[in-house]
Amino acid sequence: MTKLSNITGLFFILLICIITLLAFYGLIAFSGQGADLALLTDSYFHAILLFSIKQALLSTLLATLLAWPIARALYYLPKLYFKPFFLSLTLLCFVLPTLVLITGFVSLLGRSGYLSPLLGEQWNLYGLQGIILAHLYLNLPFAIRAFYGQLQNIPNTSWILARQLKFSAWQKLTIIEWPALSANFALIFGFIFILCFNSFAVVLALGGGPQSTTLEVAIYQALKYDFNIGEALTLAWSQLFIAGCFFMLLYRSNSVAWLAKDSHLGHWQNTHSTISKIAYTLIYTITFVFMLAPLFALLPGVFAASYTLTLFTSISEALLLTLLLGFSCAAIAMVIAYWVMLPIRQTLLAQQTQRAIILQWLANHSLIAPAMVLCVGLYILFLPVIDLDRYGMVFVVTLNVLMVLPFAIQQIRARLIQFDRDYAVLSASLKLSFWQKFSIEWQYAKSILVSTFALVLLLAMGDVAIFSIFGSDHLKTLPWLIYQYASSYRINEASAASAVLLSIYVILLLYLERAKSNA
Amino acid sequence: MLEINQLVIKLGDNTLNYQRTINTGETVTLQGVSGVGKSSLLLCIAGFVKASSGSITFHGKDIANMACDNRPVAMLFQESNLFEHISVLKNALLGTVQITEEALMEAANALNISDQMHKMPTQLSGGQRQRVALLRTLLRPEPIILLDEPFAELDNHTREISASWVANMAREHNKTLLLVTHQNEDVEKLGASNWVIK
């Protein structure tokens, strides 16, 4: 049974790779040409590459550096006001459909935004500053949550010992706190860097011209406006190469040593001066306002919309389809993520580190593969042989599964590897069947599996890029409907639809956060 | 018959050698100073440590090259015998085949842990955890039982009860029992032959 499950896991990894290869093959076969290597010496390419790295590096540095004091505030002041809501909000921000965020940002900081007059005449939302701000909004909450999780894993005994040994603040920081954070710091930093480096919708909406274009947007432009496949391939290979190298390094530096078994123990209360308490509360409040502001900025549009039966029907139908696609993608992604982890865990147990790194890289490569290349490549390849109007939804689900899969794997892997570290020998000794082992693992990892399901569900529900290529005219998802309203300047309707989508996100988040804490 | 024939285990710079024949249904206690390789031998028989050379046969069949899942062995480790996140009862039923809850409770009663079965492992003392693991190991169907210091955390009275229960179970089910102990009286209580490793 173990062998069979490992083979199934390897089969899924192979399938993921084949889909990517087919997409590239689709583009190459259609154009009958390979990558345009002359582009590598072009100043246009250099400008795009430099900007991609610059904006990703700045966004990541800001997100991680700012997240640290906020995570400390959450950790050291357990009784901060509305803390559970704040934590749910951090997750909401990370999964927020980009179109909803952009609509909120434009209402707030755009040319006629509510806050724009306060920022002076020089202020412009479009360009590097707008891109960094949006990336910060999407990724700062993720970093806060990740760092907070790391801090929570510090064993109580460390703090008790520190107190007994009369540690200074500096000693606490360097001997206890930093080792807890640094264990996964590189992974968190790298993960955010890759997300920003491959950013598409944010840069498309807030960027413009070669001065503020990323490789992913340049691929889209090469395919959509010039249909220059040679150029698109060069850009795609470059993106794959750079992000891939970074990704490979990440998997080498990863460690889960701080996810020890006693992580559920109560939190040791550190004492803090009044000044530091005020400072922490202030930082926390500013972050709260930053996260809520673009969401509240949608409200005037929501009130101004005229709620006709047509609008109501359109939103309801789109919502239903969004939920259906989201749940299908999330369920399939979770099943595949679990199966894919089986051979990876097996190689880690056998201490075949190199093989484990390669398998993880292959299983997660869709995180760095340009989404546009995957979509357009498969579209071109299958257009002559499959009725894409009829079966487009199959591709929407498949590609969305591919896109959210790395997130699912990333979330569950640490807990499953920890299970193996704690119990692999015992499980083997008891000769447990696959289902017995699965049942025990389920109870061990239920909380992380449920929250990961929530995460990938929300990510899949927010998709626009894949639906824009494979979706049909008579079936619309809610994000796609928002895009259509926004692109035809029906901002009030866009705001209303955004508010509905946002409400569903909030309901799902609250429900699943509760399920997670009860697990 | 369990035959350990010219078995060599290499642990770092140490080379450990073993040679012994154990009859089916026989109980053998394993003694020796710390670090001499008692636990390593049990782990090797169970399939968790690889031997450098030699063979382990049971009823004439070489088991040294079998995967640990396929070996006719049930083992109790020195520690980490229970899943912390599932109940004691569920833990006790794992690996056992066709054991009813009644039979399990009867055994638990004999070991004075019947009132602990519906708790979580973290609520148990070291000695109670040890007895839950002991109970499960002896109830498993495998003919070879390996126990690594099974009575280490028990007081004298409980130790006596547990040792006599183990001896009865092994005799009743014709188990080939190999256990590590530092206490000479265990050898007597279990009616075992003693193997001192040097």
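Refer to the structure printed above.
Fair warning: this is a prediction, and the values are worked out from it, not measured in the lab.

Procedures and definitions
Residues numbered from 1 in each chain as written. Chains lettered and ligands numbered in written order. Predicted model: local features only at pLDDT ≥ 70, side-chain atom pairs only at ≥ 80, totals over all residues. Helix = DSSP H or I, 4+ residues; strand = E, 2+ residues; numbered from the N terminus. Rg over C-alpha atoms; globule rule 2.2 N^0.38 Å. Buried ≥ 20, exposed ≤ 12 C-beta atoms within 10 Å, placed from the backbone. Contact = placed C-beta atoms within 7 Å. Pairing = 2+ DSSP bridges. Axes fitted to C-alpha atoms, helices over the stretch in contact; angles between N-to-C directions. Expected span 1.5 Å × (residues − 1). Nonpolar A, V, L, I, M, F, W, Y, C, P; charged D, E, K, R; others polar. Core = buried A, V, L, I, M, F, W, Y, C linked by C-beta atoms within 7 Å.

> I'd like a rundown of the overall build of chain A, residues and numbers included.
In terms of regular secondary structure, chain A is built from 20 helices and zero strands. For chain A, whose C-alpha radius of gyration is 23 Å, the value lies close to the compact-globule estimate of 24 Å for 519 residues. With the C-alpha coordinates of chain A rotated into their principal frame, the extents come out at 65 × 60 × 55 Å. Scored against the burial criterion, the 519 residues of chain A give a buried share of 45%. A separation threshold of at least 6 residues defines the contact pool for chain A, and within that pool the share at least 24 residues apart is 85%.

> Residues and numbers for the sheet that holds strand E4 (residues 53-58) of chain B, please.
All names here are of chain B. Sheet architecture is open: four strands sit in the order E2-E1-E4-E5, paired in antiparallel fashion. The open sheet has two edge strands with one neighbour each: strand E2 (14-22) and strand E5 (61-62). With five bridges joining them, strand E1 (residues 2-11) and E4 adopt antiparallel strand pairing. Residue pairing across strands places Ile4 opposite Ile56, the latter belonging to E4. Strands in contact with helix H1 (residues 38-46) are E1, E2 and E4; relative to E1, the strand with the most contacts, it is inclined by about 115 degrees.

> Can you explain helix H5 (residues 156-172) of chain B? Please cite residues and give values.
Its 17 residues give H5 of chain B an end-to-end C-alpha distance of 24 Å, which sits within 8% of 24 Å, the value for a rise of 1.5 Å per residue. For H5 of chain B, the elements touching its buried residues are strand E3 (27-31), helix H4 (126-139), strand E7 (144-148), strand E8 (176-180) and helix H6 (184-189) of chain B.

> Pulling in residues and values, what's your account of the pairing of E2 of chain B?
The pairing of E1 of chain B with E2 of chain B spans eight bridges and is antiparallel. Within E2 of chain B, the position partnered with Glu3 of chain B by the bridge is Thr21 of chain B.

> Explain the sheet that holds E3 of chain B to me, and be specific about the residues and the numbers.
All names here are of chain B. A sheet is described by the order of its strands in space; here five strands give the open sequence E6-E7-E8-E3-E9, paired in parallel fashion. Single-partner strands in this sheet number two, and they are strand E6 (73-76) and strand E9 (193-196). Neighbour-to-neighbour, the strand axes of this sheet turn through a mean angle of 20 degrees, independent of strand direction. Of the strand pairs in this sheet, E7 and E8 are connected by five bridges, and their pairing is parallel. The partner of Ile144 across the bridge, within E8, is Thr176.

> A description of the interface of chain B and chain A should follow, citing residues and the corresponding values.
Taken together, the contact between chain B and chain A spans 13 residues of the former and 13 residues of the latter. In the side of chain B that touches chain A, the residues fall into seven nonpolar, four polar and two charged.

> Tell me about helix H19 (residues 478-487) of chain A, residues and numbers included.
Residues and elements named next belong to chain A. Of all the 10 residues making up H19, eight are buried; the element is thus mostly covered by neighbouring parts of the structure. Within H19, the full set of buried residues consists of Leu478, Pro479, Trp480, Leu481, Ile482, Tyr483, Tyr485 and Ala486. Looking one or two residues past H19, Tyr489 carries a phi angle of roughly 60 degrees, positive in sign.

> I'd like a description of the nonpolar core, backed by residues and values.
All names here are of chain A. Counting 215 residues, the largest nonpolar core has Ile219, Ala333, Ala337, Val373, Val404, Val456 and Ile482 as its most contacted members. A total of 18 residues in this core trace back to one element, the largest contributor, which is helix H16 (residues 388-430). In contact with Ile482, other than residues within four places in its own chain, are Leu99, Val100, Ala494, Ala497, Ser498 and Leu501.

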